[in-house]
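If you want the building blocks of each chain, they are given just below.
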Amino acid sequence: MAPVQVKKICCIGAGYVGGPTCAVIALKCPQIEVTIVDLNQARIDAWNDKDFNLPIYEPGLEDVVRAARGRNLFFSTEVDKAIQDADLIFVSVNTPTKKGGVGAGFAADLNYIELATRQIAKVSNSSKIVVEKSTVPCRTAESMRTILEANSKPGCRFDILSNPEFLAEGTAIDDLFAPDRVLIGSLQTQEGKDACESLRSVYANWVPTERILTVGLWSSELSKLAANAMLAQRISSINALSAICEATGANIDEVAHAVGYDSRMGNKFLKASVGFGGSCFQKDILNLVYLSETLHLPEVAAYWKQVVTMNEHQKRRFSKRVVDTLFNTITGKRIAVLGFAFKADTGDTRESAAITLIRDFVAERAIVNVYDPKVVEEQIWLDLEESIPQPLAATKKQVVIHKSALEACKNAEAVIIATEWKEFLQIDWTEVYKHMNKPAFVFDGRLIVDVPKLTEIGFKVTSIGRGDKA
Ligand code: UDX
Ligand code: ADP
């Protein structure tokens, strides 16, 4: 049997991973019909919006959708039909950390994956290549295979592939256009290799052959967790060093610069910050911790756990520094938090450090002014409701969402930079200073402000990884 030539693709899950990834596949492979499905009607409606107000903000995404939508890219809630029509199905559903039961707080909740897999088995009338796209714990492909094989109809074969997505939010389209690598894991049987070849030839439409890596299923699944764990570990390492810098007067940017010049290390992912966020890093490390524990490797589990512990410590350390600097109390004081997204160029707020900071400030009974250029107000309230242990009505008395950075800073005692949005580089600090209470403090959680310039204006500036007098 020769590898199947893929003509129709279905992507289950129209979120941050499935949406951009399959939109780019449609753009780059006009001969393939791509249908992205989701149970969430509002999300699909937004993907189909006539004015292209798409459900996620990602630079360059709109152009991709404009070029392909209606041509060979479709968004739909007709999940069963799209499954039936497809030769290849990407499973890109959410895999949040479990909130209850065995492995709560660590293991991934595979309920969505399982439901989608069962649906594929139930409605398929022909053979399919099923591709695990969502980041999942090791051996999920094995579970999917068991479910599919136990429920398949006569004459239907299911080949499972792992094809983790390495895109980073904010640069998703560039990452998809020119990925460092595409990783495909398959069983090492002839059928597995054929399925792998089918998917490889989809990517080969635009990705150079040498960047498409093919490995075993397990290696593929573990590589995704490993890559995220090691990236996050670099950030926790630099953040741990930032605490030493603050205590000694060294400057973390200078240290990172010097370290990053070592060609064995490279200079990326060495930016000290108020803490990493995003839907992947913490979740994937906790997955790795859980996996290590279940494999009876407690030292390995403890090693990876420390990366998350350090990140939590970094957030706490930052909010404590704010309170300490503001004369040990922020009760009743107005604090402006600039940025709510977990990084610049995305509207995504999952695990954003800003949420932890605001929670801490609210607990200290401060008044918090929030501004973010992309995150919608409704999302901010959802996140604060979930993270602050008091009724939302009480939180709304302490938190005010503003429409501009300047407005958020008015009458504030302190400005906190929580996200490195480009527009914060252009803030007119002289103007901001005029409208703030004095002494006016700036706490730079992203190392973006010009400290000497702000100091000259009159601000008292505190930056991550710099001693108070630096
Ligand atoms: C990450 C991985 O980079 C990507 O390969 C994977 O597919 C998904 O997880 P993402 O979470 O979208 O991507 O963004 P990333 O750029 O990795 O940033 C994650 C967090 O780390 C952000 O909060 C960011 O601000 C922070 N960060 C990043 C730092 O604090 N310092 C750095 O040097 C880099
Ligand atoms: P990610 O960041 O991994 O893409 P998201 O939460 O942004 O995660 O997107 C996952 C999407 O998958 C959600 O829009 C959710 O509605 C959708 N989804 C989950 N389960 C199913 C399912 N069984 N069928 C169709 N869509 C699903």
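Quick note: structure is the one above.
These numbers were taken from a predicted model, which means no experiment stands behind them. (Residues numbered from 1 in each chain as written. Chains lettered and ligands numbered in written order. Predicted model: local features only at pLDDT ≥ 70, side-chain atom pairs only at ≥ 80, totals over all residues. Heavy atoms only, no water.)

Peer 1: Can you walk me through the packing of helix H5 (residues 111-123) against helix H6 (residues 140-151) in this structure?
Peer 2: Helix packing for two helices is described by the angle between their axes and how far apart those axes are. With their axes 9 Å apart at the nearest point, H5 and H6 run at an angle of 30° to one another. With respect to each other, H5 and H6 are oriented roughly parallel. Crossing hand, H5 versus H6: right-handed. Packed against H5, whose contacting residues are Ile113, Glu114, Thr117, Arg118, Ile120 and Ala121, the element H6 presents Thr140, Met144, Ile147, Leu148 and Asn151 at the interface. Residue classes in the contact of H5 with H6 are distributed as six nonpolar, three polar and two charged. (Axes fitted to C-alpha atoms, helices over the stretch in contact; angles between N-to-C directions. Helix = DSSP H or I, 4+ residues; strand = E, 2+ residues; numbered from the N terminus. Parallel < 35°, antiparallel > 145°, perpendicular 65-115°, else oblique. Left-handed = near helix turned anticlockwise from the far one by under 90°. Contact = heavy atoms within 4.5 Å. Nonpolar A, V, L, I, M, F, W, Y, C, P; charged D, E, K, R; others polar.)

Peer 1: Hey, could you run me through the site of ligand 1 in this one?
Peer 2: Contacts to ligand 1 come from 20 residues, most closely from Phe166, Glu169, Ser273, Phe342 and Arg446. One of the backbone nitrogen or oxygen atoms of leucine 270 is found 3.4 Å away from an oxygen atom of ligand 1. A distance of 2.6 Å separates an oxygen atom of ligand 1 from a polar side-chain atom of serine 273. In the complex, the protein chains occlude 90% of the 660 Å² of accessible area that ligand 1 would expose alone. Ranked by the residues each element gives to the shell around ligand 1, the list is headed by helix H9 (residues 217-248), at four residues. (Near = heavy atom within 4 Å. Polar contact = N/O pair within 3.5 Å; in protein donor to acceptor, adjacent residues only side chain to side chain. Areas by Shrake-Rupley, 256 points an atom, 1.4 Å probe, with all protein chains shown as cover.)

Peer 1: Before we go on, may I ask you to explain the sheet that holds strand S10 (residues 367-371) in this structure?
Peer 2: Hydrogen bonding along the main chain pairs the strands of a sheet, whether they run parallel or antiparallel. Spatial strand order, S11-S10-S9-S12-S13-S14: six strands in an open sheet with parallel pairing. Unpaired on one side and paired on the other, strand S11 (399-401) and strand S14 (460-463) mark the two borders of the sheet. Between one strand axis and the next, the sheet turns through 20° on average, direction left out of account. Across five bridges, the pairing between strand S9 (residues 334-338) and S10 is parallel. (Pairing = 2+ DSSP bridges.)

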